[in-house]
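Listed below are the residues making up each chain.
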Amino acid sequence: MANDDVAELKIGSKVYPLPIVAGTIGDEGLDIRKLRQDSGYITLDSGYGNTGACKSAITFIDGEKGILRYRGIPIEILAEKSTFVETSYLLIYGHLPNKAELSDFSNKLRYHSLIHEDMLHFYDGYPSTAHPMAILSSMVCSLSAYYPDSLDPKDPEQVDHLIPRVLSKLRTIAAYSYKKSIGQPVVYPRNSLRYCENFLHMMFAVPSEPYEVDPDIAAALNMLLILHADHEQNCSTSTVRLVGSSDANLFASIAAGICALWGPKHGGANQAVVEMLEEIQRNGGDVQKALALSKDKDSHFKLMGFGHRVYKNFDPRAKVIKAQCDTLLGKLKKADPLLDIARRLEEEALRDPYFADRKLYPNVDFYSGVLYRVLNIPINMYTVMFSLGRLPGWIAHWREMHLGGDERIGRPRQIYTGTVEAPYIPLMERR
Ligand code: ACO
């Protein structure tokens, strides 16, 4: 080490200085941007497990200690005291809104809740079996067709114009896709309702009878969305940043994030967890069988909702959600056999050296699906709910990247392992 700010990399007899980049807290990094230019070497890190792609001031995670903070505020405090709308503002604009800012932001969310009436016809083109994530991603991308004059990511005014629109309309699109999937008429938003209440209203009201939003259900949803609102450079957020780095518009970038979230290794895990718990229930509740299968490398089965790239300790979000499951079921005087299976599975896994040695703990998805069940959210909507929650995080990162100034198009390198040079063989001569 030459000094505290620079590390040295020795390759053969040559020494290359690598500036050390330190954040306010947490990881320190080696700036390798000039390494290839100076030495001809690149770094190889499949899955980017050891690669910092950007500097960011939005969310801090200490995976070893199980800490998660948005703009410095612990997630547990936000889950208890904040609202999803306030937390969205915090993530996107960097500070808790004052009264005027919050009221202005909330009003904008309220008044942009409708989608263009023509978009309702889009739903008719999907088969009734379409997964709502397929509908959501394409509908969000289609929103760009309705705002051709506001798509410049470099114009802060245009970006501010779009932010409340995408936050409000994605919620409407999500609820409508559920209504369409069950053959009910869409229920228009009611702007006198708060953000989560309005979503529940669009999901569960029908034109033929009155519908009262249960305040406990709305509060639980509010908390769930806060807990999902950001998680720094995860797969979907990195996708949003990568797509956005080409100057693709906000809607296109968010649509790409939705697609990345869909996979069962990421946001799709909440649906996969409940399907796994149902399978265990059908098989008589034998959690050991599922554990054994997840440890068998030939099975390609993973214990869904367990393990995390960053957390090597309890995921703080899982703790809050588990407690909320107990509270809400108590309030509603309900029991859920799947929650009992989940608890047993967690207990057994935490006792098992396979999981302990690999530091595999329940992640956010382990109990969120169970809680969505309690909220009566249908299983194929779980990942849509995750998208709704993660939306402010995606927006915050996309905005930070464009305002940050040191943005370059995302373009990783590779180590080529293919044929060096091959002849072109005419078709008739090929075997
Ligand atoms: N069940 C069984 N074994 C597991 C699990 C699991 N859920 N997760 C990791 N492992 C094992 C791996 O097989 C590997 O074992 P090995 O060392 O013997 O080869 C070891 O633990 C390390 O795991 P990696 O695959 O290196 O962990 P990685 O960081 O690449 O993956 C991931 C993290 C994708 C979350 C993984 O743990 C997983 O697939 N979990 C189940 C799916 C899930 O719950 N996803 C949601 C994540 S949270 C979110 O995105 C919102």
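Further up the page is the structure itself.
Below, the structure is looked at part by part.

Analysis parameters
- Residues numbered from 1 in each chain as written.
- Predicted model: local features only at pLDDT ≥ 70, side-chain atom pairs only at ≥ 80, totals over all residues.
- Heavy atoms only, no water.
- Axes fitted to C-alpha atoms, helices over the stretch in contact; angles between N-to-C directions.
- Helix = DSSP H or I, 4+ residues; strand = E, 2+ residues; numbered from the N terminus.
- Parallel < 35°, antiparallel > 145°, perpendicular 65-115°, else oblique.
- Left-handed = near helix turned anticlockwise from the far one by under 90°.
- Contact = heavy atoms within 4.5 Å.
- Nonpolar A, V, L, I, M, F, W, Y, C, P; charged D, E, K, R; others polar.
- Phe/Tyr/Trp six-rings, centres within 6.5 Å; stacked < 30°, edge-to-face > 60°.
- Buried < 20%, exposed > 50% of the residue type's maximum accessible area, 1.4 Å probe, protein only.
- Lys NZ or Arg CZ within 6 Å of the ring centre and 35° of its normal.
- Expected span 1.5 Å × (residues − 1).
- Arc of directions from axis to C-beta.
- Polar contact = N/O pair within 3.5 Å; in protein donor to acceptor, adjacent residues only side chain to side chain.

**Description of the packing of helix 7 (residues 156–181) against helix 11 (residues 250–262)**
- Contact pair helix 7 / helix 11: the axes reach a minimum separation of 11 Å and the direction vectors enclose 40°. Of the possible angle classes, the one that applies to helix 7 and helix 11 is oblique. Both helix 7 and helix 11 take part in a crossing whose hand is right-handed. Contacts between helix 7 and helix 11 involve Leu162, Ile163, Val166 and Leu170 from the first element and Leu250, Phe251, Ile254 and Ile258 from the second.
- Along the lines of polarity and charge, the residues of the contact of helix 7 with helix 11 split into 8 nonpolar, no polar and no charged.

**Quick look at the packing of aromatic side chains**
- Counting across every chain of the model gives 14 aromatic pairs.
- Aromatic pair Tyr372 and Tyr382: ring centres 5.4 Å apart, planes at 35°, arrangement tilted. Here Tyr372 is found in helix 17 (residues 364–374), whereas its partner Tyr382 is found in helix 18 (residues 382–404), with 10 residues between them in sequence. As far as burial versus exposure is concerned, Tyr372 and Tyr382 are alike and both buried.
- An aromatic cluster is present here, built from Phe306, Tyr354, Phe355, Phe366 and Tyr367 joined pairwise through their rings.
- Directly above the aromatic system of Tyr354 lies the positively charged group of Arg358, at a separation of 3.9 Å from the ring centroid.

**Remarks on unusual backbone geometry**
- One non-glycine residue with positive phi stands out, namely Lys359, at about 55°.
- Along the chain, the position of Lys359 falls in the loop between helix 16 (353–357) and helix 17.
- Given the relative accessible area of 44%, Lys359 is considered partly exposed.

**Focus: helix 4 (residues 99–111)**
- The end-to-end C-alpha distance of helix 4, which contains 13 residues, comes to 18 Å, matching closely the 18 Å that a straight helix rising 1.5 Å per residue would cover.
- Taken together, the buried positions of helix 4 are Phe105, Ser106 and Leu109. Each buried residue of helix 4 sits inside an arc of 100° when the element is viewed along its axis, so together they form one side. Opposite the packed face of helix 4, turned more than 90 degrees from it, sit the exposed residues Lys99, Ala100 and Tyr111.
- Against the buried residues of helix 4 lie helix 3 (84–93), helix 7 and helix 8 (195–204).
- Where helix 4 starts, the residue carrying a side-chain oxygen 3.1 Å from the main-chain nitrogen of Ala100 turns out to be Asn98.

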